[in-house]
Amino acid sequence: MRKPIIAGNWKMNKTIKEALELINSLKRELVYIEGVDIIVCPPYTALSDASEILMDSNIKLGAQDVYWEHSGAFTGEVSALMLKDVGCEYVILGHSERRKYFFETDEAVNKKIKTSLSVGLTPICCVGETLDEREEEKTFDIIKRQLQGALKDLSQEDISRLVIAYEPVWAIGTGKTATPVQAEEVHKFIRTWLERHYSYQTSQELRILYGGSVKPSNTKELMREDDIDGALVGGASLESVTFIEIVKNAI
Ligand code: 13P
């Protein structure tokens, strides 16, 4: 039985003060919640304060990206060790916004996954097709290419430490959620691909999240599907009321 995950990707939102208000409210309201892993991924600037507040709580901290080198002359970048140092346990990698606006390739995602694993961070590796790709019936080819690229040369043990997020690009921030059937079809494809390339056990244990316009009203129906193990939430994670409801609906 896979434990569900609800992760909030705050993207480029919230000052430190705003971030702490939201985190304090989540901490208060979710303190008794069990049976679901809760993760928040604030912007880099709020990680340090967030980490202090979340110490000894049931809410885990994640970052939204990382660089693959451990240190050096890479102006503007943040290393996996730095994320670990600030208290992160998770890191979102290969988000479609990074692929689109910052030209991130599958190869870069692969290097970032390896670096993250090497310091003990859990990568949340995102894959997903655009609307054009879906309409051209290329969804499975795209997902396969992204998985092959991002997971290249990872051992079975590495894979067992990952989380994968299926985020159809056309559903992100658009209010257009994939139907449970559409989402499940891709989740099952991912799990079958993992089984074929690693093992049945690995494929059964790995958690696959859905992301794209997740809200309190659609969480339950998505989570009812066999292969959907939780959600990576954007917009609805920015308000405590909606995020709390999503977490509660995931149990
Ligand atoms: P929305 O929930 O705002 O559609 O964003 C999804 C997402 O990109 C999470 O990483």
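Residues numbered from 1 in each chain as written. Predicted model: local features only at pLDDT ≥ 70, side-chain atom pairs only at ≥ 80, totals over all residues. Heavy atoms only, no water.

Chemist: Help me out: how do you make sense of the packing of aromatic side chains in this one?
Modeler: Taken as a whole and assessed by the stated rule, the structure comprises five aromatic pairs. On the basis of an interplanar angle of 45° and a centroid distance of 5.1 Å, the ring pair of Tyr67 and Phe74 is categorised as tilted. Assessed through its relative accessible area of 32%, Phe74 is described here as partly exposed. Ring pairing ties together the aromatic residues Tyr67, Trp68 and Phe74, which thus form one cluster. Taking the ring centre of Phe102 as reference, the NZ or CZ of Arg98 above it sits at 4.2 Å. (Phe/Tyr/Trp six-rings, centres within 6.5 Å; stacked < 30°, edge-to-face > 60°. Buried < 20%, exposed > 50% of the residue type's maximum accessible area, 1.4 Å probe, protein only. Lys NZ or Arg CZ within 6 Å of the ring centre and 35° of its normal.)

Chemist: What exactly am I supposed to notice about the site of the ligand here?
Modeler: In the neighbourhood of the ligand, the contacting residues comprise Asn9, Lys11, His95, Glu167, Ala171, Ile172, Gly173, Gly212, Ser213, Leu232, Gly234 and Gly235. Between Asn9 and the ligand, the recorded distance is 3.0 Å, taken from a side-chain N or O atom to an oxygen atom. Glu167 places a side-chain nitrogen or oxygen 2.9 Å from an oxygen atom of the ligand. Split into classes, the residues belonging to the shell around the ligand amount to three nonpolar, seven polar and two charged. (Near = heavy atom within 4 Å. Polar contact = N/O pair within 3.5 Å; in protein donor to acceptor, adjacent residues only side chain to side chain. Nonpolar A, V, L, I, M, F, W, Y, C, P; charged D, E, K, R; others polar.)

Chemist: What exactly am I supposed to notice about the state of the cysteines here?
Modeler: Note on terminology: a disulfide is the covalent bond linking the sulfur atoms of two cysteines. Per the counting criterion, the structure on display carries zero disulfides. Cysteine Cys88 remains unbridged, with the sulfur of Cys41 as its closest cysteine sulfur at 7.7 Å. For Cys88, a relative accessible area of 2% translates into the label buried. As a non-bridged cysteine, Cys125 has Cys126 as the owner of its nearest cysteine sulfur, 6.7 Å distant. Using a relative accessible area of 1% as the deciding quantity, one classes Cys125 as buried. (Disulfide = S-S within 2.5 Å.)

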